Structure formats: C-alpha cells, structure tokens
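# Architecture and fold: a report
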Amino acid sequence: MQQVATELAAKAAGPYSQAIVHGGLAYVSGCIGVCPEKMALVEGGVLAQVSMAFANMEAVLKASGSSLSNVIKTTVYMTKMSDFAEVNALYAEKFNGHKPARSCLAAAELPKGALFEIDCIAVVNDSSPAASK
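My aim in this report is to walk through the structure given alongside it, one point at a time. (Residues numbered from 1 in each chain as written. Predicted model: local features only at pLDDT ≥ 70, side-chain atom pairs only at ≥ 80, totals over all residues. Heavy atoms only, no water.)

### Thoughts on unusual backbone geometry
Quick reminder of the rule: Only runs of H or I of at least four residues qualify as helices and only runs of E of at least two qualify as strands under DSSP, and these elements are numbered from the N terminus. Relative accessibility decides the category of a residue: with a 1.4 Å probe and only protein chains considered, values under 20% of the type maximum give buried, values over 50% give exposed, and everything between is partly exposed.
One non-glycine residue, Met39, lies in the positive phi region at around 55°. One can find Met39 in the loop between β4 (34–35) and β5 (40–41). Residue class for Met39 comes out partly exposed when judged on its relative accessible area of 26%. Located in the positive-phi region is Lys112, a residue other than glycine, with phi close to 60°. With respect to the secondary-structure elements, Lys112 resides in the loop between β7 (101–106) and β8 (116–123).

### Considering the pairing of strand β2 (residues 19–22)
Condition: Note: two strands are recorded as paired if DSSP finds a minimum of 2 bridges between them.
Residue alternation in β2 divides its side chains into a buried set, Ala19 and Val21, and an unburied set, Ile20 and His22. Note that strand β1 (residues 2–4) and β2 share three bridges and pair antiparallel. Looking at β2, one finds that Gln3 is bridged to Ile20. Where β2 lies against strand β3 (residues 25–32), four bridges are found, and the strand directions are antiparallel. Bridge pairing in β3 links Ile20 to Tyr27.

### A few points about the environment of Ala19
Note the cut-off: Contacts are assigned to residue pairs with any non-hydrogen atoms lying within 4.5 Å of each other.
Topologically, Ala19 is positioned in strand β2. In this structure, the C-alpha to C-alpha distance between Ala19 and Met57, residues 38 residues apart in sequence, is 9.6 Å. Once residues lying within four places of it in the same chain are set aside, the contact partners of Ala19 are Gln2, Gln3, Val4, Tyr27, Val28, Ser29, Val60 and Ser64.

### A look at the nonpolar core
Nonpolar side chains in soluble globular proteins generally cluster together in the buried interior. Selection rule: Residues grouped as a nonpolar core are buried Ala, Val, Leu, Ile, Met, Phe, Trp, Tyr and Cys residues, joined through side-chain atoms within 4.5 Å.
Residues Val28, Phe54, Met57, Leu61, Phe116 and Ile118 are the most contacted members of the largest nonpolar core, which totals 28 residues. Every element with two or more residues in this core is listed here: β2, β3, α1 (46–63), β6 (71–78), α2 (84–95) and β8. In terms of residue count, the dominant contributor to this core is α1 (eight residues). Dropping the residues within four chain positions of it, Met57 is found in contact with Val28, Cys31, Leu68, Phe95, Ile118 and Cys120. Formed by six residues, the second largest nonpolar core is a distinct cluster that contains Ala10, Ala107, Leu110 and Ala114.

### Brief notes about the pairing of β6
As a reminder of what qualifies: Crossover handedness is defined by viewing with both strands directed away from the observer: a clockwise path from the first strand over the helix to the second marks the crossover as right-handed.
Pairing between β6 and β8: seven bridges, direction antiparallel. Of the residues in β8, the one forming a bridge with Lys73 is Ile121. With six bridges joining them, β6 and β7 adopt parallel strand pairing. Looking across to β7, one finds that Lys73 is bridged to Ala101. Crossover handedness for the path β6 to α2 to β7: right-handed.

### Considering the packing of aromatic side chains
As a reminder, the rule being used: Working definition: a ring pair exists when centres of Phe, Tyr or Trp rings (six-membered ring for Trp) sit within 6.5 Å. Plane angles under 30 degrees give stacked, over 60 give edge-to-face, the rest tilted.
Enumeration over the complete set of coordinates arrives at three aromatic pairs. Ring centres of Phe54 and Tyr91 lie 5.9 Å apart, and the angle between their planes is 80°; this geometry places the pair in the edge-to-face category. Residue Phe54 is located in helix α1, and its partner Tyr91 is located in helix α2; the two are separated by 37 residues in the primary sequence. On the basis of relative accessibility, which here comes to 8%, the residue Tyr91 falls in the buried class.

Rendered as structure tokens:
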C-alpha cells in the first residue's frame, strides 16, 4: 500500500492521503475546486469548481500512475441537484467518451463551502512506480 501526494493538486485538508495505491488500483480522495497555489475555492460558480476539481483529480491520478481513461468508478457530490444538467455535461466532456460507473449524491454541505466534490477508483498502469510498491 502506497500513499500518494502531489503538490500539483490541492493538499489534503485533514488526516488522509490524496490517494492510496493498492492492489493495482488508485483510490483517490474527494477533490473539490480548490486552487493548489492558494488553497481557496476558485471563483466562478459550480462549473469553475468542477473544472478545478477535475484538474486536482487528474494531478492525483497522474501521481498515482493512472489517468482519467483508467477510472472505473466515481462518486459525485453536489450541494444543488438543480446544477445536475450542466455538471453532467462538463463531466462527460472531461471524460471524453469514457464512461466509468458513477454514483451521484446530494450533500447538504461540502468542505470549504464547495458546490461539487468527486472521488474515484482507477486502474494503475503496470509500469508506474506506484504500481511496483
């Protein structure tokens, strides 16, 4: 089991890892729309937060030896289901035709007042340093 951390994504805000790689899978913790440099939510509403959350998740996936195309399951959390259609459209764009299994939940509140959060499980490339540990 290997803990994963990268400065290219928002730091973990508590006693947890950005991801854990174990058994050929990367378990990526929840990512919100926090800019890694400022550690503050990006401005611009839910779509700006979705884009930043995906950038954070992609950075953690890369550090884990994986990528969006290797994601097999996501869980999406939203504070307003009325944002579902536009969030879903951007989600589909980010995955570019790849369709991992997904759960989508309404949350009364998310960390730092975020409007969107996503976590995932992804297959790790066999040749990555994370996969060999």
